[in-house]
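Here are the chains, one letter per residue:
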Amino acid sequence: MKVQDWANEWLAVYIKNRVKNRTYQKYQQVLTSHVLPQIGDKELNNVRAHDIQQLIYVELLENKKLAGNTINIALAVCKGLFSSAEDAEIIPKNPCARIKRVSVEEKNIEVFTVREQHRLECGVREDGRLRMFGILISLYTGLRLGELLALTWDDVDFQRGTLTVNKTKVSQSDAETGYTSPKTKASTRTIPIPPNVIALLKLMKRHSTCKWVVEYNGKPIHERGYQALFERLQRRLNMRPRGFHALRHTFATRAMECGTDCKTLSELMGHSNAMITINRYTHSLMETKRKAINKIARRD
């Protein structure tokens, strides 16, 4: 059996009905674009660790110069592909078992300064369009863009002052469909809403004509469309355009600066564990520690 044939069977039998559709599509895309062009015609039994090493470190890293995260996803897919073949006793040994991941350089996290945050808030309020308020909702709750655009009024509890994240937007082609459960189990969460955001949500609710919190003419909004809206706002304010995710990073940074503990922030952000929060926002954590040390010093 060739690798190509086993890959088709693996996707259909072992993957399709066990993972989210977007994960299945990702696996399929990785195999089609990066793995099968190199080893698809090889007999499954003849693939050796050296072949996988060449694929990962020579073809994908040196020749294609793919990002480390992309390469590691390709390696993970290969490991799953051959591990299932080993479990099914089609091959005696998984050739990927001892192949190491490539090192990944952490991206710099983009955060709006306090002054930039104030300009954004003023810009949104001066704009006046209700759909723009989604920017402030994310800024004060840390919601991902997909989570924001998936919010419905059923997710907002005005009496308790909370909103529940239980789905995310994944489709670019159809604004009415393409919703799935959040990124991870921890991403399903309930977040307290600050008073300023409750006021915005009440205003949006009074004028709403559909079930979506952030909408345009009674319909939900595409992720790309909303990202473009956010970029236009920044250009209008003569700010260097940053991605929408910078709002989430800004929320986390402000929370750390206010002394929020990592466990609480991790739960608010929907991270699977507090170490992710600590590693990602080390710069903010250090600033919080510095302020604490300075307060202690002033008491002496």
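Structure: above.
Residues numbered from 1 in each chain as written. Predicted model: local features only at pLDDT ≥ 70, side-chain atom pairs only at ≥ 80, totals over all residues. Heavy atoms only, no water.

Some words on the overall build of the chain
- The helix and strand inventory of the chain stands at 13 helices and seven strands.
- By sequence separation, contacts in the chain at least 24 residues apart represent 65% of the contacts at least 6 residues apart.
- Counting every atom, the chain has about 16,600 Å² of accessible surface; 49% of that belongs to carbon and sulfur. (Helix = DSSP H or I, 4+ residues; strand = E, 2+ residues; numbered from the N terminus. Contact = heavy atoms within 4.5 Å. Areas by Shrake-Rupley, 256 points an atom, 1.4 Å probe, with all protein chains shown as cover.)

What about the packing of helix α3 (residues 49–63) against helix α4 (residues 68–87)?
- At a minimum axis distance of 11 Å, the contact between α3 and α4 shows a crossing angle of 160°. Classed by the angle they form, the pair α3 and α4 counts as roughly antiparallel. With respect to the hand of their crossing, α3 and α4 are arranged in right-handed fashion. Contacts between α3 and α4 involve Ile52, Leu55, Ile56, Leu60 and Leu61 from the former and Ile71, Ala74, Leu75, Cys78 and Phe82 from the latter.
- A per-class count over the contact of α3 with α4 returns ten nonpolar, no polar and no charged. (Axes fitted to C-alpha atoms, helices over the stretch in contact; angles between N-to-C directions. Parallel < 35°, antiparallel > 145°, perpendicular 65-115°, else oblique. Left-handed = near helix turned anticlockwise from the far one by under 90°. Nonpolar A, V, L, I, M, F, W, Y, C, P; charged D, E, K, R; others polar.)

Considering the nonpolar core
- Core analysis: the largest hydrophobic core is formed by 46 residues, its most contacted members being Ile135, Leu201, Val213 and Tyr226.
- The biggest single contributor to this core is helix α10 (residues 245–257), with six residues.
- Beyond its immediate chain neighbours, meaning those up to four positions away, Val213 contacts Ile137, Leu151, Thr152, Trp153, Val156, Leu201 and Met204.
- Core analysis: the second largest hydrophobic core is formed by 30 residues, Trp6, Leu11, Ala74 and Val77 among them. (Core = buried A, V, L, I, M, F, W, Y, C linked by side-chain atoms within 4.5 Å. Buried < 20%, exposed > 50% of the residue type's maximum accessible area, 1.4 Å probe, protein only.)

A short note on the sheet that holds strand β2 (residues 162–165)
- In spatial order, the strands read β1-β2-β5; together these three strands make up an open sheet with antiparallel pairing. At either end of the open sheet lies a strand with only one pairing partner, and these are β1 (156–157) and β5 (189–192).
- Bridge count between β2 and β5: four bridges; the pairing is antiparallel. From the neighbouring strand, Thr162 faces β5, where its bridge partner is Pro192. (Pairing = 2+ DSSP bridges.)

Observations regarding the packing of helix α6 (residues 133–141) against helix α9 (residues 223–236)
- Between α6 and α9, whose axes approach to 10 Å, the crossing angle comes to 90°. It follows from the interaxial angle that α6 and α9 lie roughly perpendicular. Residues Phe133, Gly134 and Ile135 of α6 lie in contact with α9, whose contacting residues are Tyr226, Phe230 and Leu233.
- The residue makeup of the contact of α6 with α9, split by class, is five nonpolar, one polar and no charged.

Let's talk about the environment of Arg131
- Mapped onto the secondary structure, Arg131 falls in the loop between α5 (114–127) and α6.
- Distance from Arg131 to Ile221, taken between C-alpha atoms, is 9.2 Å for residues 90 residues apart in sequence.

Quick word on unusual backbone geometry
- The phi torsion at Lys65 lies on the positive side, around 55°, for a residue other than glycine.
- For Lys65, the location among the structural elements is in the loop between α3 and α4.
- For Lys65, a relative accessible area of 67% translates into the label exposed.
- A positive phi is found at Asn238, a non-glycine position, where the angle reads about 60°.
- Among the secondary structure elements, Asn238 is positioned in the loop between α9 and α10.
- Overall, the relative accessible area of 70% leaves Asn238 in the exposed class.

Side note on the pattern of salt bridges
- All chains considered together, the criterion is met by twelve salt bridges.
- Lys2 is paired through a salt bridge with Glu43; the nearest N and O atoms lie 3.6 Å apart. Of this pair, Lys2 sits in the segment before α1 (3–15) while Glu43 sits in the loop between α2 (21–39) and α3, placing them 41 residues apart in sequence.
- Assessed through its relative accessible area of 33%, Lys2 is described here as partly exposed.
- The exposure class of Glu43 is partly exposed, given its relative accessible area of 33%.
- Between Asp51 and Lys42 there is a salt bridge, with the nearest N and O atoms lying 3.8 Å from each other. (Salt bridge = Lys/Arg side-chain N within 4 Å of Asp/Glu carboxyl O.)

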